[in-house]
Amino acid sequence: LGGPGSGKSTFLQSYALRLEVDGKKNAITRVPVLISATDAIKEGHGIVAETVQVLSEAGVDLKENQILELLSNASIHLLIDGLDEVRSDQRSEIIREIEKLRRRFSNLQMVVTCRTAIYEYWLSGFAIFEIARFSEDEVFSFVKNWYKMDSDRSRQLISQITGSPRILEPALPR
């Protein structure tokens, strides 16, 4: 959970990369698959079908029954981003699907992001974490670390942040 602009999507992307890198060091046991909740709900698409689509775009062509097999073996680490971005009249549908997957595949590891203000404890059996807000110094440290290989880009972004308090405000404690 987190506020708008707090880094939920960035966290998931970083987490997926970290899982992949760690897996390369120690034999991959779970493949991270990052999907958008809004893409999964489009036209009744669903989480499993969206997983097929995302993997296909990455050059891995699997059928839905193969994805279900991987989910049952806990070979996929499912990362679902933006539950709050699903239209309110469709949100219960994707929540039901998340709950169904969790019940059906007890070993499935899943992370779901949502804005704190929208979330109403819909998902039972999930541990709930909230992204901590950064201090101003932590924001600048994060930018420097993020752009470690491009110090010019780092300085440019820090200058933009410093020059516009509206950019910095969402990350700071209230």
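Let us look at the structure shown here. (Residues numbered from 1 in each chain as written. Predicted model: local features only at pLDDT ≥ 70, side-chain atom pairs only at ≥ 80, totals over all residues. Heavy atoms only, no water.)

### What to know about the nonpolar core
The following threshold applies: In this text, buried Ala, Val, Leu, Ile, Met, Phe, Trp, Tyr and Cys residues form a nonpolar core when linked through side-chain atoms within 4.5 Å. Partly exposed residues are those whose accessible area sits between 20% and 50% of the maximum for their type, while under 20% is buried and over 50% is exposed, using a 1.4 Å probe and protein chains only. Helix and strand assignments follow DSSP, with helices taken as H or I runs no shorter than four residues and strands as E runs no shorter than two, numbered in order from the N terminus. The contact criterion used is simple: two residues touch if any of their non-hydrogen atoms lie within 4.5 Å.
In this structure, I47, L78, I80, I94, I98, L101 and M110 are the most contacted members of the largest nonpolar core, which totals 30 residues. Residue assignment for this core shows that the elements contributing at least two residues are β1 (31-36), α2 (37-41), α3 (47-57), α4 (64-72), β2 (76-81), α5 (88-104) and β3 (109-112). Residue contributions to this core peak at 5 residues, all from α3. When residues no more than four places from it in sequence are discounted, the contact partners of I47 are I35, A40, L78, I80, I94, E97, I98 and L101. Ranked by size, the runner-up nonpolar core spans 6 residues in total, among them V139, F140, V143 and L157.

### Remarks on the pairing of β3
Condition: Being paired, for any two strands, means DSSP has found at least two bridges between them.
Where burial is concerned, the two faces of β3 differ: the one with M110 and V112 is buried and the one with Q109 and V111 is not. Here 4 bridges tie β2 to β3, and the two strands are oriented parallel to one another. Its bridge partner lying in β3, L78 is registered against M110.

### Topic: helix α7 (residues 151-163)
So the rule is basically this: Here the expected length of a helix is defined as 1.5 Å per residue gap, with one fewer gap than residues. Picture the helix axis, draw a direction to every C-beta atom, and the arc is the one those directions span.
For α7, built from 13 residues, the straight-helix expectation of 18 Å at 1.5 Å per residue is met to within 8% by its first-to-last C-alpha distance of 18 Å. Among all positions in α7, only S154, L157, I158 and I161 are buried. Seen end-on, α7 carries its buried residues on one side only, within an arc spanning 100°. Exposed and oriented more than 90 degrees from the buried face of α7 are D152, R155 and G163.

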